[in-house]
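# Reading the structure
What follows is each chain in one-letter form.
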Amino acid sequence: MAIFLFASFILASAQGPSAPGKPLPPGPMQARVKAACTSCHNTTRITEQHMTREQWSTQLEKMEGLGAVIPDEDREGFLNYLTKNFGPTKGAGKKTN
Ligand code: HEC
């Protein structure tokens, strides 16, 4: 029993720093982005951004450099999803879609 309590304490405290972050908005790529992008940091890293498609593209390359796996066939979809939901704020730059 004591061991069980100790183990669940460890588990509970381990969840602290990687708390689930803000939910990703729904969309066709939601599940795939979640799978590819939340193993190292939570979704807040993504949801707090406002970037252009080019900046997201650079960011994806940077993440790949860090070890993220983004299948080639998903890349366009990731960029569409990220730019649509976390694009530049209104008024900052032109909308490209
Ligand atoms: C292998 C681990 C890993 C994976 C997988 C990963 N990231 Fe990251 N990500 C990091 C690290 C480490 C940082 C912090 C880098 C830094 O501060 O320079 C980071 C930071 C970020 C940031 C913030 C960058 C900034 O300038 O503040 C964004 C946005 C981001 N990641 C998006 C993504 C997206 C989108 C995916 C999925 C395609 C992803 N990450 C997958 C490791 C990862």
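Rules behind the numbers
Residues numbered from 1 in each chain as written. Predicted model: local features only at pLDDT ≥ 70, side-chain atom pairs only at ≥ 80, totals over all residues. Helix = DSSP H or I, 4+ residues; strand = E, 2+ residues; numbered from the N terminus. Buried ≥ 20, exposed ≤ 12 C-beta atoms within 10 Å, placed from the backbone. Core = buried A, V, L, I, M, F, W, Y, C linked by C-beta atoms within 7 Å. Contact = placed C-beta atoms within 7 Å. Near = placed C-beta within 6 Å. Nonpolar A, V, L, I, M, F, W, Y, C, P; charged D, E, K, R; others polar. pLDDT = per-residue confidence, 0-100. Axes fitted to C-alpha atoms, helices over the stretch in contact; angles between N-to-C directions. Parallel < 35°, antiparallel > 145°, perpendicular 65-115°, else oblique. Left-handed = near helix turned anticlockwise from the far one by under 90°. Expected span 1.5 Å × (residues − 1).

### Quick look at the overall build of the protein
- Broken down by element type, the protein carries five helices and zero strands.
- For the protein, the N- to C-terminal ordering of α and β elements is α-α-α-α-α.
- Within the protein, the proportion of its 97 residues that are buried is 11%.

### Here's the deal with the nonpolar core
- Counting residues in hydrophobic clusters, the biggest one holds nine residues: Leu 24, Met 29, Val 33, Cys 37, Ile 46, Trp 56, Phe 78, Tyr 81 and Leu 82.
- Mapped onto this core, the elements with two or more residues apiece are helix H2 (30-37) and helix H5 (72-86).
- Looking at this core, the element that brings in the most residues is H5, giving three residues.
- Every residue in contact with Met 29, bar those within four places of it in the chain, is listed here: Gly 77, Phe 78 and Tyr 81.

### Looking at the site of the ligand
- Lining the immediate environment of the ligand, one finds 15 residues, of which Cys 37, Cys 40, Met 63, Gly 67 and Ala 68 sit closest.
- Secondary structure elements with two or more residues in the shell around the ligand: H2, helix H3 (44-47) and helix H4 (53-66).
- It is H4 that provides the largest number of residues to the shell around the ligand, a total of four residues.
- Residue composition of the shell around the ligand, by class: nine nonpolar, five polar and one charged.

### So, the confidence of the model for the protein
- This prediction gives the protein a mean pLDDT of 84; 72% of its residues lie at or above 70.
- Confidence, read as mean pLDDT per element, is least for helix H1 (residues 2-14) in the protein (52) and greatest for H4 (98).
- Below a pLDDT of 50 lies the segment residues 10-17, which in the model reaches zero contacts outside its immediate sequence neighbourhood of four places, other chains included.

### Some details on the environment of Ala 36
- By the element assignment, Ala 36 lies in helix H2.
- Residues Ala 36 and Pro 71, spaced 35 residues apart in sequence, show a C-alpha to C-alpha distance of 9.3 Å.

### Some details on the packing of H4 against H5
- Contact geometry of H4 with H5 gives a least axis separation of 9 Å together with a crossing angle of 125 degrees. By the angle between their directions, the pair H4 and H5 is classed as oblique. H5 is crossed by H4, and the crossing has right-handed handedness. For the pair H4 and H5, contact is made by Arg 53, Trp 56, Ser 57 and Leu 60 and by Arg 75, Phe 78, Leu 79, Leu 82 and Thr 83, respectively.
- Each residue belonging to the contact of H4 with H5 can be placed in one class, and the counts come to five nonpolar, two polar and two charged.

### As for H5
- Compared with an ideal rise of 1.5 Å per residue, which puts 15 residues at 21 Å, H5 spans 21 Å between its outermost C-alpha atoms and is within 8% of the ideal.
- Of the residues making up H5, those classed as buried are Phe 78, Tyr 81, Leu 82 and Thr 83.

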